[in-house]
Amino acid sequence: MAKPWYRQLYIQVLAAIVIGIVLGWRWPDLATAMEPIGTTFITAMKMLIGPIVFLTIIGGIAGVADLKKVGLTGIKALTYFQIGTIVALLTGLVAINIFRLGDGVHADPSTLDTSGDAGQYIEQGAHQHWWEFLTNIVPESFFGPFVEGDILQVIFLAVIFGIALKSVGKVGEPVIAGVGRLTEVVFKVLSFVMKAAPLGAFGAMSYAIGKFGLSTLTSLGSLILLFYVTSALFVVVVLGGVLAAYVRLNIFQLVRYFKEEFFLILGTSTAEPALPGLMRKLQFMGVERSTVGLVVPTGYSFNLDGAAIYLSLSTLYIAQATDTPLSVTQQLGLLAVMLLTSKGAAGVAGGGFIALTATLSTAGHVPAAGIMLIFGIDKFMSECRALVNFFGNAVATLFVARWENGLDVGRARRVLAGKGGEPPTAAEPSTAAEPSTAAEPEPEPEAVPAPPARTAGATP
């Protein structure tokens, strides 16, 4: 039996967002004081992200019969991630070159105030090199990544640990079983935390509107609008085209399926709270658990389409606004740098800003102080970045699953059409279908059921 509409998580989050906007608009001082509510919820979610990523990757590796498949899945996923990032970067470059919103601003970088939070981001980005995301993958200690919230390092540890468990055979079976039980416990804790999602969305949105004001939206509204329109076209045309052409699924149905996660990201401005729900719902659709466990956490660090669009669009806007000429060759050089610095935009407060500063500092053509021109609107662009990142990873997982013959397309179509049962939410982990059940295709009434291994990737 379906829940009453007022008990649906996405309805509660949406209502909280609206209340937060009104509070920030009418009573900005009171709204700004709501910041601890939003930050506390996000902190509680980040507390669980590391253990969830670690346990699900180990479970994914343990569920693969042949370790060679783990390597192949990883290679395919990284290949897709890089191609997707390049397309996203080019999308932003093309959009800002067509509309050239920075022309006529004539900003002098030497007169821009780089104090406060923005100054910290500039300093941090200036000392960040393009190659650091590679060298920082290896942690100094086992528990350090969980304490610091470094997802890349957690992924590294999980992959090494998972392969080791699989390699020791029967000795590791009790540990693997324990990982499965511990995963359920962590998801249960998550269900408790997710009950506070409306409060978190309210606090975050109230603070954003109260701190920066609706006037900030109008002062650079054209740039915000261009970013949102470009991002929407990327999701519908590029991601939707990939999904329709190769996976044979509909992007609009996918967006509707993830409506709870959509509004949660919109309210909190980060995609991290939606990661567990994404993994659960993909398994419910018919994606193999091992594929979900490997691709989704990795994608949260390596597949940031929204951050890529933001980087290319913002970099060219700053260049235009500061009267910095860039040739086509220089723009392509910036694209090569952004291909690497975009990987540093994940899981860090102000990550998008730090990655942007790192890009400008590494390239050297565009003054890094120019980021002050967009600092006021960055908060209102972060929601869109996170949403595009989220749906980019959803499509990437479905793509790799189909490539690996690990997607039950028939079940996925039924679920997206609303005929596959009630989809699970991050707040209700117990309602998610078990991986083995979700991955098995349902035989036609008059047909003789075929072995699951032969139909796992078949399209009816």
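Placed above this text is the structure.
Bear in mind that the values here come from a model prediction, so they are computed numbers and not experimental data.

A. Fine view of the overall build of the chain. Within the chain one finds 22 helices and zero strands. Here the chain holds 460 residues, and the buried ones make up 53% of them. Accessible surface, the chain: about 20,000 Å² in total, of which carbon and sulfur atoms supply 65%.

B. How the structure looks around the packing of helix H8 (residues 151–167) against helix H15 (residues 289–302). Their axes nearest at 9 Å, the elements H8 and H15 cross at an angle of 145 degrees. Like other packed secondary-structure pairs, H8 and H15 cross with a definite hand, here left-handed. Residue-level inspection shows Ile151, Leu152 and Ile155 of H8 in contact with H15, the latter providing Pro297, Thr298, Ser301 and Phe302.

C. Region of interest: the pattern of salt bridges. By the definition in use, this model includes five salt bridges. In this structure, glutamate 404 and lysine 76 form a salt bridge, with 2.6 Å as the shortest nitrogen-oxygen distance. Here the residue glutamate 404 occupies a position in the loop between helix H19 (375–403) and helix H20 (409–416), and lysine 76 occupies one in helix H4 (residues 67–99), the gap between them amounting to 328 residues. Taken as a pair, glutamate 404 and lysine 76 share a single burial class, namely buried. Aspartate 103 is the partner of arginine 100 in a salt bridge, and the nearest nitrogen-oxygen pair spans 2.7 Å.

D. Representation of the nonpolar core in the model. Of all hydrophobic cores here, the largest spans 125 residues; its most connected members are Leu254, Phe258, Leu282, Met285 and Leu398. Examining the composition of this core, we find that 16 residues originate from one element, H19, more than from any other.

E. Up close: the environment of valine 159. Tracing the backbone through its elements, the reader meets valine 159 in helix H8. Setting aside its immediate chain neighbours within four residues, valine 159 contacts Ile57 and Ile61.

F. Highlighting the side chain of glutamine 331. Among the secondary structure elements, glutamine 331 is positioned in helix H17 (residues 328–341). Among the residues examined, glutamine 331 registers a relative accessible area of 11% and is labelled buried. In contact with glutamine 331, other than residues within four places in its own chain, are Leu93, Asn97, Leu316 and Leu326.

What counts, and at which threshold
- Residues numbered from 1 in each chain as written.
- Predicted model: local features only at pLDDT ≥ 70, side-chain atom pairs only at ≥ 80, totals over all residues.
- Heavy atoms only, no water.
- Helix = DSSP H or I, 4+ residues; strand = E, 2+ residues; numbered from the N terminus.
- Buried < 20%, exposed > 50% of the residue type's maximum accessible area, 1.4 Å probe, protein only.
- Areas by Shrake-Rupley, 256 points an atom, 1.4 Å probe, with all protein chains shown as cover.
- Axes fitted to C-alpha atoms, helices over the stretch in contact; angles between N-to-C directions.
- Left-handed = near helix turned anticlockwise from the far one by under 90°.
- Contact = heavy atoms within 4.5 Å.
- Salt bridge = Lys/Arg side-chain N within 4 Å of Asp/Glu carboxyl O.
- Core = buried A, V, L, I, M, F, W, Y, C linked by side-chain atoms within 4.5 Å.

The quantities given are spatial measurements derived from coordinates; they are silent on function.
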